[in-house]
Amino acid sequence: METLVFQKPKSIHKDCKVTFCPGCDHGVAIRIIAEVLDEMNIADKTIVVSSIGCSVFLNDYYNLDIVEAPHGRAMAVATGVKRAKPDKLVFTYQGDGDFASIGLGESMHAISRGEKVTAICINNTNYGMTGGQMAPTTILGQKTTTTVNGRDAEVQGYPIKICEMASTCEGAAFVARCSLDSSKEIENTKRMIRKAFESQLAGQGASVIEILSTCPTNWKLSPQESHERIRKELYPVFPLGIYKEKTSKQV
Amino acid sequence: MLLKKGIDMGRVVIDSEKCKGCLLCVDVCPKKILKKSETFNAKGIYTVYADDKNNECIGCALCAKRCPDIAITEVYR
């Protein structure tokens, strides 16, 4: 007798077609979030705040309630949603340009205030949707369309490290950085997202999940080489792990 | 329960119209069953198919968890 061991999560539209570039890890991130919501059985009380960037078409995939925020203001919108509906699970789905460049003020202040929302930030070290320009998280020496000779610390400065920065805020309850480059890391990422949602439901404070993701089109690499690049070049700059975890006693 | 060798081992269901041919699933398959197809879909992409003549698939679902396009819709074991 056959048993079903994997199927498309129920929180994803039945006839959804993922429209990202071939090999882009966004699709995996969207799927594992939907799986976590299904496993925790909270899909019907979830409100998603989507942002501008490659994450903008979130309503095409999710079978959930979604608010579209202006560029960078996802955490500000999520604050309003959570304060109006405190019993809902509210999370934002943002890119690194949205979270750490135009929305850095909104994001850091929302985390500092300890808003009980979860921010999921997909870090692919460039602006993927607009054609691969330099983002705040672009690592030193990386070639993008606006740093043709590689990012130079003298001219463009150093990359912003989201998790290190967020973990210094007192309002942050759970801060972790994870990756999607291998099957093991995908499972780990899923566990981290679940922990962040549980932390939010327990009312401990803001939670931030930074996910290292690939952008094969703009990195001009194959999907396989992109994962190799994450392991070789991004791991030393952006170490994985849990940066802050509040236990229930500390709240 | 006796495990009859070669029967009911595992099965993957691939929606080739959703496949974009990134071949990430080919790398993670422990039995090397998934292969690049010779034919293409409506978008003109050479997709992936399961070449499982000897019923080797163990239904680990690693391919489905790796697939960024949810093109591997169901896995049976």
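Conventions adopted
Residues numbered from 1 in each chain as written. Chains lettered and ligands numbered in written order. Predicted model: local features only at pLDDT ≥ 70, side-chain atom pairs only at ≥ 80, totals over all residues. Helix = DSSP H or I, 4+ residues; strand = E, 2+ residues; numbered from the N terminus. Expected span 1.5 Å × (residues − 1). Bend = angle between axes of the 7 residues up to and from the residue. Buried ≥ 20, exposed ≤ 12 C-beta atoms within 10 Å, placed from the backbone. Contact = placed C-beta atoms within 7 Å. Axes fitted to C-alpha atoms, helices over the stretch in contact; angles between N-to-C directions. Parallel < 35°, antiparallel > 145°, perpendicular 65-115°, else oblique. Left-handed = near helix turned anticlockwise from the far one by under 90°. Core = buried A, V, L, I, M, F, W, Y, C linked by C-beta atoms within 7 Å. Nonpolar A, V, L, I, M, F, W, Y, C, P; charged D, E, K, R; others polar. Pairing = 2+ DSSP bridges.

Participant: Got a sec to walk through helix H9 (residues 223–237) of chain A? Specific residues and values, please.
Facilitator: Look at H9 of chain A: 21 Å from first C-alpha to last across 15 residues, which is about the 21 Å you get at 1.5 Å a residue. At Ile230 of chain A, H9 of chain A shows its largest kink, close to 35°. Buried residues of H9 of chain A: Pro223, Ser226, His227, Ile230 and Leu234 of chain A, and no others. Lining the buried residues of H9 of chain A we find strand S6 (172–179), strand S7 (206–212) and helix H8 (216–219) of chain A together with helix H1 (24–28) of chain B.

Participant: Explain unusual backbone geometry to me, and be specific about the residues and the numbers.
Facilitator: Non-glycine residue Lys220 of chain A carries a positive phi angle of around 60°. Positionally, Lys220 of chain A belongs in the loop between H8 and H9.

Participant: Give a detailed account of the packing of helix H1 (residues 26–40) of chain A against helix H7 (residues 183–201) of chain A, specifying residues and quantitative values.
Facilitator: Residues and elements named next belong to chain A. At a closest axis distance of 10 Å, the pairing of H1 and H7 adopts a crossing angle of 50°. Overall, the two elements H1 and H7 adopt an arrangement that is oblique. With respect to the hand of their crossing, H1 and H7 are arranged in right-handed fashion. Contacts between H1 and H7 involve Val28, Ile32, Ile33, Glu35, Val36 and Met40 from the first element and Ile186, Thr189, Lys190, Ile193, Arg194 and Phe197 from the second.

Participant: Explain the nonpolar core to me, using residue names and the numbers behind them.
Facilitator: If you look at the biggest cluster of nonpolar residues, it comprises 87 residues, and the most contacted ones within it are Val208 and Ile209 of chain A. Leaving out residues up to four positions away in the same chain, Val208 of chain A has contacts with Ile111, Ala119, Cys121, Ile162, Cys163, Ala166, Ala172 and Val175 of chain A.

Participant: Any chance you could break down the interface of chain B and chain A for me, citing the residues and the numbers?
Facilitator: In this complex, chain B contributes 23 residues to the contact, which on the side of chain A involves 22 residues. The set of elements that each furnish at least two residues to the side of chain B that touches chain A consists of H1, helix H2 (62–66) and strand S4 (72–76) of chain B. Within the side of chain B that touches chain A, the residues separate by chemical class into 10 nonpolar, three polar and 10 charged. The pairing of strand S1 (residues 4–7) of chain A with S4 of chain B spans three bridges and is antiparallel. By the bridge assignment for S4 of chain B, Phe6 of chain A is matched with Val75 of chain B.

Participant: Just give me the short version of the sheet that holds S4 of chain B, but keep the residues and values in it.
Facilitator: On the basis of which strands lie adjacent, the open sheet formed by three strands has the order S1(A)-S4(B)-S1(B) and antiparallel pairing. Each edge of the sheet is formed by a strand with only one pairing partner; in this case those strands are S1 of chain A together with strand S1 (11–14) of chain B. When strand polarity is set aside, the average angle formed by the axes of neighbouring strands in this sheet is 10°. Pairing between S1 of chain B and S4 of chain B: four bridges, direction antiparallel. Bridge assignment links Ile14 of chain B to a residue of S4 of chain B, and that residue is Ile72 of chain B.

Structural measurements only, silent on function.
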